[in-house]
Amino acid sequence: SVGGKVTLDQIDGLSKTSYPLCMRQLHTAMKENHHLKHFGRLQYGLFIKGIGLSLEEALIFWRSEFTKLMDVDKFDKQYAYNIRHSYGKEGKRQDYTPYSCMKIIMSNPPGPGDHHGCPFRHTDADLLRQRLAAYRIPKKGIDEIMEFVKESHYQLACTRYFELTHGVTASSAINHPNQYFDESRQVLQD
Ligand code: SF4
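Residues numbered from 1 in each chain as written. Predicted model: local features only at pLDDT ≥ 70, side-chain atom pairs only at ≥ 80, totals over all residues. Heavy atoms only, no water.

(A) Region of the structure containing unusual backbone geometry. Here the phi dihedral of asparagine 108 falls at roughly 50 degrees; this positive angle occurs in a residue that is not glycine. Turning to its location among the elements, asparagine 108 is positioned in the loop between α6 (101-106) and α7 (119-122). By relative accessible area, which is 35% here, asparagine 108 ends up partly exposed. Positive phi outside glycine occurs at serine 152, with the angle close to 65 degrees. Positionally, serine 152 belongs in the loop between α9 (139-150) and α10 (154-166). (Helix = DSSP H or I, 4+ residues; strand = E, 2+ residues; numbered from the N terminus. Buried < 20%, exposed > 50% of the residue type's maximum accessible area, 1.4 Å probe, protein only.)

(B) Summary view of the side chain of histidine 176. Assignment of secondary structure puts histidine 176 in the loop between α10 and α11 (177-189). Of the polar contacts made by the side chain of histidine 176, one reaches the backbone oxygen of proline 98; its length is 3.2 Å. At 3.4 Å, the side chain of histidine 176 forms a polar contact with the backbone oxygen of tyrosine 99. Each residue touching histidine 176, except ones within four places of it in the same chain, is listed here: Pro98, Tyr99, Ser100 and Cys101. (Polar contact = N/O pair within 3.5 Å; in protein donor to acceptor, adjacent residues only side chain to side chain. Contact = heavy atoms within 4.5 Å.)

(C) Just the site of the ligand, in detail. Taken together, Pro20, Cys22, Cys101, Ile104, Cys118, Pro119, Phe120, Gln155, Cys158 and Pro177 make up the full set of residues adjacent to the ligand. When residues of the shell around the ligand are traced back to their parent elements, those giving at least two are α6, α7 and α10. (Near = heavy atom within 4 Å.)

These values are about where atoms sit, not about what they do.
Structure below.
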């Protein structure tokens, strides 16, 4: 990330200012449910790695939420390995890269109880409108976003969302959640 390291205490705030909708949705679900299912953990885990959260802080983050509902032992046995693995510290020590928009839009569509995916692609239109209104997007902006959604231009819908929430004209279309984050930090730190 262009902004360098991100620390755990910044995550809540950043989820409201600089996260794309897909990651804000995962962060909110994690806080509300103290759990994320498999693909949600992958999508969100690799994103927070990509914005610069250290493995140590990532483990604290997942553990502090998950252990609100399960004991530490179970967490350490069932989940900690996969988190270390996604940072390349276990198994083949492969360095997993965060998912692009295309990958999120095209693969593993969310089922019931899932919070991963791309909201512009996978969320019911009425619900999406409600959420955008709750995030203070003006009616005209919501209409513009929904027009892109209707035409299956999900990344353009996301780009318009970026523009409306940052008060700028985007220099290029959004094609990666971590690109969204980096560009947001650039705009907001200027
Ligand atoms: Fe996330 Fe990409 Fe969808 Fe935007 S277009 S919400 S960054 S997956």
